[in-house]
Amino acid sequence: MALADNDVRIVAPLHINAYLGDLPATIAPGRRIAATRNGGRLARGVSALAAGPLLARFGPQIVQQTYYSVRRTAPTRARVVVMVYDMIHEKFPESFPADDPTAAMKAAAVARADHVLCISESTKADLVAAIPSAASKSSVVLLGFDPVPAGLAPVAAGRPYLLFVGQRGGYKNFAGLLAAYAASPALRADFDLWAVGGGGFSAAESAAIASHGLAGQVRQQAADDLMLQRCYAGASVFIYPSLYEGFGIPPLEAMAAGTPVVAMRASSVPEVCGAAAAYAEPGDPDSLRRAIEAVALLPETAAALVAEGGQRLGRFSWARAAQDAVAAYRTLL
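Every chain is numbered on its own, with residues counted from 1 as its sequence reads. Only residues with pLDDT of at least 70 are given local features in this predicted model, and only at 80 or more are side-chain atom pairs given and counted; all residues enter the totals for whole chains, interfaces and linings. Here the side-chain values reflect all heavy atoms present in the structure, with hydrogen atoms and water set aside.

Peer 1: So what's going on with the overall build of the protein? Residues and values would help.
Peer 2: Put simply, DSSP marks the helices as runs of H or I at least four residues long and the strands as runs of E at least two long, and each gets a number from the N terminus on. When you go through the protein residue by residue, the secondary structure sums to 13 helices and 12 strands. The globule rule used here is 2.2 Å times the number of residues to the 0.38 power, and the radius of gyration it is set against is calculated over C-alpha atoms. Relative to the globule expectation of 20 Å for 333 residues, the C-alpha radius of gyration of the protein, 21 Å, shows essentially globular dimensions. In terms of overall dimensions, the protein has C-alpha extents of about 65 × 40 × 40 Å along its principal axes. The 333 residues of the protein split such that 44% are buried. Note on contacts: a residue pair qualifies if any of its non-hydrogen atoms lie within 4.5 Å across the two residues. In the protein, once contacts between residues fewer than 6 apart in sequence are set aside, the share between residues at least 24 apart is 63%. Each accessible area is a Shrake-Rupley result for a 1.4 Å probe, and residues are judged covered by the shown protein chains and nothing else. Carbon together with sulfur atoms contributes 57% to the accessible area of the protein, which is approximately 16,100 Å² in total. A 1.4 Å probe rolled over the protein chains alone gives each residue an accessible area, and that area as a share of the maximum for its type sets the label: buried under 20%, exposed over 50%, partly exposed in between.

Peer 1: Just give me the short version of the sheet that holds strand E4 (residues 79–84), but keep the residues and values in it.
Peer 2: Here, strands pair whenever DSSP counts at least two bridges between them. Strand order across the open sheet formed by 4 strands is E3-E4-E5-E6, with parallel pairing between neighbours. The open sheet is flanked by strand E3 (62–65) and strand E6 (138–140), the only strands paired with a single partner. On average, each strand axis in the sheet is tilted by 25° relative to the strand beside it, whichever way the strands run. In terms of strand pairing, strand E5 (residues 115–118) meets E6 through 3 bridges, oriented parallel. Within E6, the residue paired with Leu117 across the bridge is Ser139. Across the sheet, helix H13 (residues 318–330) touches E3, E4, E5 and E6, and the angle it forms with E5 is around 165°. Here the axes come from fitting lines to C-alpha atoms, over the contacting stretch only for helices, and the angles between their N-to-C directions go from 0 to 180 degrees.

Peer 1: Lay out the nonpolar core in plain terms, naming residues and giving numbers.
Peer 2: Core analysis: the biggest nonpolar cluster contains 42 residues, and Leu117, Leu163, Cys231, Tyr232, Phe238 and Leu252 have the highest contact counts within it. Ranked by the residues each element gives to this core, the list is headed by H13, at 5 residues. For the purposes of this section, nonpolar cores are sets of buried Ala, Val, Leu, Ile, Met, Phe, Trp, Tyr and Cys residues that join through side-chain atoms within 4.5 Å. Among the nonpolar cores identified, the runner-up in size contains 29 residues, and Ala180, Tyr181, Ala296 and Ala302 belong to it.

Peer 1: I'd like a rundown of the sheet that holds strand E8 (residues 192–196), residues and numbers included.
Peer 2: Spatially, 6 strands are ordered E9-E8-E7-E10-E11-E12 in an open sheet, and the strand pairing comes out parallel. Because the sheet does not close on itself, it has two edges, and the strands there are strand E9 (218–221) and strand E12 (277–280). Here the average twist between neighbouring strands, direction ignored, is 25°. Relative to strand E11 (residues 261–264), strand E10 (residues 237–240) is paired through 3 bridges, and the arrangement is parallel. Each residue of the ladder has a partner; that of Tyr240, found in E11, is Ala263. Those strands touched by helix H8 (residues 225–234) are strand E7 (161–165), E8, E9 and E10, and its axis lies near 140° from that of E7.

Peer 1: How would you sum up the state of the cysteines? Please name residues and give values.
Peer 2: When two cysteine sulfur atoms are found within 2.5 Å, that pair is recorded as a disulfide. Taken as a whole and assessed by the stated rule, the structure comprises 0 disulfides. With no disulfide partner, Cys118 has as its closest neighbouring cysteine sulfur the one in Cys273, 19 Å distant. Using a relative accessible area of 0% as the deciding quantity, one classes Cys118 as buried.

Peer 1: Pulling in residues and values, what's your account of unusual backbone geometry?
Peer 2: Only a minority of non-glycine residues have a phi that is not negative, and only a minority of peptide bonds are not trans. For Asn173, which is not glycine, the phi torsion reads 65° and is therefore positive. You can see Asn173 is positioned in the loop between E7 and helix H5 (174–182). With relative accessibility at 13%, the residue Asn173 sits in the buried group.

Peer 1: How would you sum up a nonpolar patch on the surface? Please name residues and give values.
Peer 2: Patch construction takes residues with relative accessible area above 30% that form no salt bridge. Like charges are linked within 9 Å, and nonpolar side chains (Val, Leu, Ile, Met, Phe, Trp, Tyr) are linked within 5 Å. The working definition used for a salt bridge is a side-chain nitrogen of Lys or Arg within 4 Å of a carboxyl oxygen of Asp or Glu. A surface patch of nonpolar side chains, amounting to about 210 Å² of accessible area, comprises Val8, Ile10 and Leu23. Inspection of the secondary structure puts Leu23 in the loop between strand E1 (14–15) and strand E2 (31–32).

Peer 1: Can you break down H13 residue by residue, with the values?
Peer 2: Residue count minus one, scaled by 1.5 Å, sets the expected span of a helix. For H13, built from 13 residues, the straight-helix expectation of 18 Å at 1.5 Å per residue is met to within 8% by its first-to-last C-alpha distance of 18 Å. The complete set of buried residues in H13 reads Ala321, Ala325, Val326, Ala328 and Tyr329. The arc that holds the buried residues of H13, viewed along the axis, is 155°, so those residues lie on one side. Those residues of H13 that are buried lie in contact with E3, E4, E5 and E6. Picture the helix axis, draw a direction to every C-beta atom, and the arc is the one those directions span.

Quick look at the structure:
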């Protein structure tokens, strides 16, 4: 069944999503508001109240929930699909407040769903381990990535740099990367370390940078999507030290920019990266330093990873993700 044969609506009457505005108003007729804390709460509250009546008016056969809800909003005759992105709250509860409701909401949403989409085989295995009843109604839809615009100019940098992207706390393991970088005289001599996104450094992170003697060599950079792609393109190595990911889009983004990848051999990361990354082993503090040095200091190793990355990208696209999701929907009709 062709994707164009499906009548699609995105029910988000009030939202903070920066991308819904790129869609035709007939598909996503909602209104975007500022992405502040209060704005997010308001958007969730309004959407929770309005979703039921709006869905009833549309009369869908399939309702795809993009996150976990405490109650059913789909019409009685509709089949409900929920997407599970990861099992981080279950595997790393110490990274979240004790009263965080996400794990309980996820379990309720999965129990209620007619089908569950997981974004990797690793996530599906973790889901089934935690909620065995999900095994018979789960399938995998691998995510995609955004191609790099033609002629993209790499970001200008005073010195070569190693790149980290995204949130830095807990299982994201920026602290482990910082220690690995600090432990390598060769890396410190030839490369800076950039952290893009994730907000400014916390007091604890600034103190750790100072304690490692890295003042002036570690920087944080805010970035929109285009600037992020330029940062990937300008980096000598992209490093993904996360200890757990449900999928992991950043390594694909780095590969698309022609940048070699170093990552942890953990959770879904090898499933996504395959042979297009140099791996460090969790639980071995020095392993990350060795992996980075092997790529950053050996041009032939970096070039081989870049070539492998170019081949790896063919496995992932948003078009394929959409086709796989529609195929799962069809099994419910």
